[in-house]
Amino acid sequence: GAGVSQTPSNKVTEKGKYVELRCDPISGHTALYWYRQSLGQGPEFLIYFQGTGAADDSGLPNDRFFAVRPEGSVSTLKIQRTERGDSAVYLCASGDSTDTQYFGPGTRLTVL
Amino acid sequence: SQQGEEDPQALSIQEGENATMNCSYKTSINNLQWYRQNSGRGLVHLILIRSNEREKHSGRLRVTLDTSKKSSSLLITASRAADTASYFCATGKTGTASKLTFGTGTRLQVTL
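The notes below deal with the structure included here. Model, not experiment: these values are computed from the prediction.

Another aspect to go through is the pairing of strand S9 (residues 85-93) of chain B. All names here are of chain B. Among the nine residues in S9, eight count as buried, and that is most of the element. Across eight bridges, strand S4 (residues 29-37) lies against S9 in antiparallel orientation. When the bridges of S9 are listed, Tyr-35 appears paired with Phe-88. Direction of pairing for S9 relative to strand S11 (residues 106-111): antiparallel, over a ladder of three bridges. Each residue of the ladder has a partner; that of Ser-86, found in S11, is Arg-107.

Dropping the structure here:
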C-alpha cells in the first residue's frame, strides 16, 4: 500500500516568507508526527497529533511554527516569517497502535 | 535535543563482514527503535525492541537492549554494499506519548 507522502519534496524560499509543508499519512493511521533534521544530526521532534488534536507540541521551537490536522488525516506544517536557521529537512511520520513510526521522504526547506 | 549517542560516528567495512553499532540513551524508555536513512531523506524502520525485551532478530539484523546500562546495539551480519546508509536509534519514553527521540547516527560504508 501507499506510504507516507510529503509535498513539496524541495522548497526554496526567501527570509521572511511564509511556507506550508504537507503530509499525507498512511491510510488509517491515527498518529502523525513532524520532525526536523539538520545536516549531520538525527531528527528532532516537533509535534504529535492523535486524530485531529495536537497531543504534544513541545518540540515546536517558537510561535512562528504551527501545524494542523483538521480532518485527522492530512497535516500541514506552517512556518511564518522564515529564518535562515529554519533550513532543514522536515520529516513526517505516521503510526498505528504498535509504536512503530513510518516516515515519509521529507521536505528539504532552504531559506535564502 | 538528542537523547543520546551512537557509536561509532562512522564505520567502514568490507562486504561480507559484520557491522556493530551502539546506542546509549539517558532516560527511562518504553521502547527503542532502529532506523536506516539513505542520502539524508526518509527513514526506514528496521526493528523495535521493548524495554522488557533483551534481544530481537530480523533477517540479518540482531538488536540487543540493556536497560541497566541504558544502551542498545545493532548487529548487521554478512553486510552488503546496499547496507551503506546512516543508522539511527530512537527511544520512546515511559509515560509520554510515543514521540521518538533520536541519537546522532552512525554512518556505515560497506565497500566491495
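Right, let's talk about the environment of Cys-89 of chain B for a bit. Within the secondary structure, Cys-89 of chain B sits in strand S9. Non-local contacts of Cys-89 of chain B, meaning those with residues more than four positions away in its chain, are made with Glu-6, Cys-23, Leu-32, Gln-33, Trp-34, Thr-101, Phe-102 and Gly-103 of chain B.

Further remarks concern the sheet that holds strand S3 (residues 19-24) of chain A. Residues and elements named next belong to chain A. The four strands lie next to each other as S1-S3-S8-S7, forming an open sheet whose pairing is antiparallel. Of all the strands in the sheet, the pair left with one neighbour each is strand S1 (5-7) and strand S7 (65-68). Strand-to-strand twist across the sheet, computed as the mean angle between neighbouring axes with direction ignored, equals 15°.

Under the counting rule described, the total for this entry stands at two disulfides over all chains. Shown here is the disulfide that connects Cys-23 of chain A with Cys-92 of chain A, its sulfur atoms set 1.8 Å apart. Judged by the sign of its S-S torsion, about -65°, the bond between Cys-23 of chain A and Cys-92 of chain A is left-handed. Residue Cys-23 of chain A is found in strand S3, and its partner Cys-92 of chain A is found in strand S9 (residues 88-95); the two are separated by 69 residues along the sequence. Given a relative accessible area of 0%, Cys-23 of chain A falls into the buried group. One disulfide in the model links Cys-23 of chain B with Cys-89 of chain B; its S-S distance is 1.9 Å. Across the S-S bond of Cys-23 of chain B and Cys-89 of chain B the torsion is about 65°, and the bridge reads as right-handed. Of this pair, Cys-23 of chain B sits in strand S3 (residues 19-24) while Cys-89 of chain B sits in strand S9, and the two are 66 residues apart along the sequence. Across the pair, Cys-89 of chain B and Cys-23 of chain B agree in class, each one buried.

What counts as what
- Residues numbered from 1 in each chain as written.
- Chains lettered and ligands numbered in written order.
- Predicted model: local features only at pLDDT ≥ 70, side-chain atom pairs only at ≥ 80, totals over all residues.
- Heavy atoms only, no water.
- Buried < 20%, exposed > 50% of the residue type's maximum accessible area, 1.4 Å probe, protein only.
- Helix = DSSP H or I, 4+ residues; strand = E, 2+ residues; numbered from the N terminus.
- Pairing = 2+ DSSP bridges.
- Contact = heavy atoms within 4.5 Å.
- Axes fitted to C-alpha atoms, helices over the stretch in contact; angles between N-to-C directions.
- Disulfide = S-S within 2.5 Å.

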